[in-house]
Amino acid sequence: MARLIENPQVMIGEPWADYGLVDSGNGRKLERYGRYRFIRPEPQAMWTPRSADWRAHGEFVPGSDEDGGGRWQFAEPVPAEGWPLSWNEVRFTAQCTPFRHLGFFPDMAPVWEWMGAQLGAAEDAQLLNLFGYTGVGTLALSRFGQVAHVDASKKSVAQARENAALSGMEERPVRWLVDDAVKFAAREVRRGRRYDGIILDPPKFGRGPNGEVWRIEEGLPGLVRDCRKLLDGRSRFLFLTVYAVRMSSLALAGLLAEVLQDLPGEIQHGDLSVREDSEDPRLLPTAIFARWSNRG
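Residues numbered from 1 in each chain as written. Predicted model: local features only at pLDDT ≥ 70, side-chain atom pairs only at ≥ 80, totals over all residues. Heavy atoms only, no water.

> Tell me about the packing of helix α5 (residues 216–229) against helix α6 (residues 249–259), and please be specific about residues and values.
Closest axis-to-axis distance for the α5/α6 pair is 10 Å, and the angle between their directions is 40°. Regarding the angle of α5 to α6, the classification is oblique. As for the relative orientation of α5 and α6, their crossing is right-handed in sense. Facing L220, P221, V224, R225 and R228 of α5, the residues of α6 in contact are L252, L255, L256, E258 and V259. (Axes fitted to C-alpha atoms, helices over the stretch in contact; angles between N-to-C directions. Helix = DSSP H or I, 4+ residues; strand = E, 2+ residues; numbered from the N terminus. Parallel < 35°, antiparallel > 145°, perpendicular 65-115°, else oblique. Left-handed = near helix turned anticlockwise from the far one by under 90°. Contact = heavy atoms within 4.5 Å.)

The following block contains the structure:
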């Protein structure tokens, strides 16, 4: 029976050569993406910035509605087509998107490392990345086996394939799938498929390729139940992250504890965070997570 660890954990994203959280405060954050610096909204940065010097190439100015919207304002030229960055062996393109993101989520770096540790020396693992976005996580895991990368956005999947080419990983065993994550998982259950690991990174709200509507509070329990049917006692992990919702990581852990109760292993929960790249660094929380792991 999977054991729920009640005490929350903190997974910390450390700065690396191509990314760093320079400063944060007053509801904003200043980050470096390669040679470019950007300011973006961050409601959880409730403290005062360390520095008054926030020179940046661009800033995302949010709209009046809390569910999104806004626009980029640029003080200096930034390549509209994006620019290359890397994390370990994975190369990818960073780009200022209309959704305030820059083409990847840097706070997921410790998650990619954790999943790699769960897989160890595996070379033939079967892995599923639902809501896979631009594929940095998929490419990071592709050295452990075959990855099914699922996203409803044709543009995101196309970008993921371009990132694979940029990384020299076109021949890696990845299935690039433009599909609705909920429908895909249900079909995999009917096919009797199993996976060694599942990455589940659902948005708060979204639409599938055929207009399917996703609302996390309504859809997540059923999706997790289908994911359970794709795991067995030999599987290694399920990692669930949730951004920008009024929800506790303990609630996510409670859902996993109920649905995965007949599996061995343990369930943990807590915050994803990024450490400032400064002499007196603070931790900026970015998302909540719950994870099931089974080392056998």
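> How would you summarise the pairing of strand β13 (residues 197–200) if you had to cite specific residues and measurements?
Side-chain direction in a regular strand flips from residue to residue, so the side chains alternate between the two faces of the sheet. Of the two faces of β13, the one carrying G197 and I199 and the one carrying I198 and L200 are both buried. Strand direction decides the pairing type here: strand β10 (residues 125–130) and β13, joined by four bridges, are parallel. Residue pairing in the sheet places L128 in a bridge with I198 of β13. Pairing of β13 with strand β16 (residues 237–242) involves four bridges; the strand directions are parallel. When the sheet's bridge partners are listed, L200 is paired in β16 with L240. (Buried < 20%, exposed > 50% of the residue type's maximum accessible area, 1.4 Å probe, protein only. Pairing = 2+ DSSP bridges.)

> Explain the sheet that holds strand β3 (residues 19–25) residue by residue, including any values.
As summarised here, the arrangement of the five strands in space is β3-β4-β5-β6-β7, forming an open sheet in which the pairing is mixed. This sheet does not close on itself; its edge strands, each paired only once, are β3 and β7 (70–74). The average undirected angle you get between the axes of adjacent strands in this sheet is 20°. Pairing of strand β5 (residues 36–41) with strand β6 (residues 58–62), which is carried by two bridges, proceeds in the parallel orientation.

> Hey, could you go over the pairing of β16 for me, with residue numbers and the actual values?
Among the six residues that make up β16, six are buried, leaving the element largely enclosed by the rest of the structure. Neither face of β16 is open: one carries F237, F239 and T241, the other L238, L240 and V242, and all of them are buried. Taken together, the six bridges between β16 and strand β18 (residues 283–293) define a ladder with antiparallel strand orientation. By the bridge assignment for β18, L238 is matched with W292.

> Pulling in residues and values, what's your account of the side chain of E42?
Within the secondary structure layout, E42 lies in the loop between β5 and β6. The contact partners of E42, leaving out residues within four places of it in the chain, are G27, R28, K29, L284 and P285.

> Pulling in residues and values, what's your account of the nonpolar core?
Counting residues in hydrophobic clusters, the biggest one holds 50 residues, and the most contacted among them are F38, W83, M115 and L272. Considering every element that reaches this core, the biggest residue donor is helix α1 (residues 109–119), with six residues. Listed in part, the 35 residues of the second largest apolar core include W214, L255, L256 and L260. (Core = buried A, V, L, I, M, F, W, Y, C linked by side-chain atoms within 4.5 Å.)

> Describe the pattern of salt bridges, listing the residues and the values that go with them.
The full count for this structure, using the stated rule, is 21 salt bridges. The salt bridge involving E31 is made with R40; its shortest N-O contact spans 2.8 Å. Here R40 falls in the buried class, since its relative accessible area comes to 8%. Across the salt bridge formed by D262 and R228, the nearest N and O atoms sit 2.7 Å from each other. Within this pair, whereas D262 is found in the loop between α6 and β17 (266–275), its partner R228 is found in helix α5, the two being separated by 34 residues in sequence. Taking relative accessible area as the criterion, D262 reaches 51% and is therefore assigned exposed. Overlapping salt bridges bring together R175, E188, R191 and R193 as one network. (Salt bridge = Lys/Arg side-chain N within 4 Å of Asp/Glu carboxyl O.)

> So what's going on with the packing of helix α4 (residues 181–191) against α5? Which residues, and what values?
As a packed pair, α4 and α5 sit with axes 9 Å apart at the nearest point and diverge in direction by 30°. The angle between α4 and α5 places the two elements in the roughly parallel class. α5 is crossed by α4, and the crossing has left-handed handedness. Residue-level contacts link A181, V182, A185, A186 and V189 of α4 to L223, D226 and K229 of α5. Of the residues assigned to the contact of α4 with α5, the class counts are six nonpolar, no polar and two charged. (Nonpolar A, V, L, I, M, F, W, Y, C, P; charged D, E, K, R; others polar.)

> Can you explain the environment of L260? Please cite residues and give values.
Mapped onto the elements of the fold, L260 is located in the loop between α6 and β17. Distance in space between the C-alpha atoms of L260 and P281 is 37 Å, their sequence separation being 21 residues.

> Account for the packing of aromatic side chains, naming residues and giving values.
For any two aromatic rings, the description comes down to two numbers: the centre-to-centre distance and the angle of the planes. If you walk through the whole model with that rule in mind, you get 17 aromatic pairs. Their ring planes at 45° and their centres at 5.5 Å tell us that W16 and Y19 sit as a pair that is tilted. Look at F60 and W72: their rings are 5.4 Å apart centre to centre, the planes differ by 80°, and that puts the pair in the edge-to-face class. You can see F60 sitting in strand β6 and its partner W72 sitting in strand β7, a full twelve residues away along the chain. The class of F60 is buried, set by a relative accessible area of 3%. An aromatic cluster of three or more residues is present, and its members are W16, Y19, Y33, Y36, F38, F60, W72, F74, W83, F92 and F104. (Phe/Tyr/Trp six-rings, centres within 6.5 Å; stacked < 30°, edge-to-face > 60°.)

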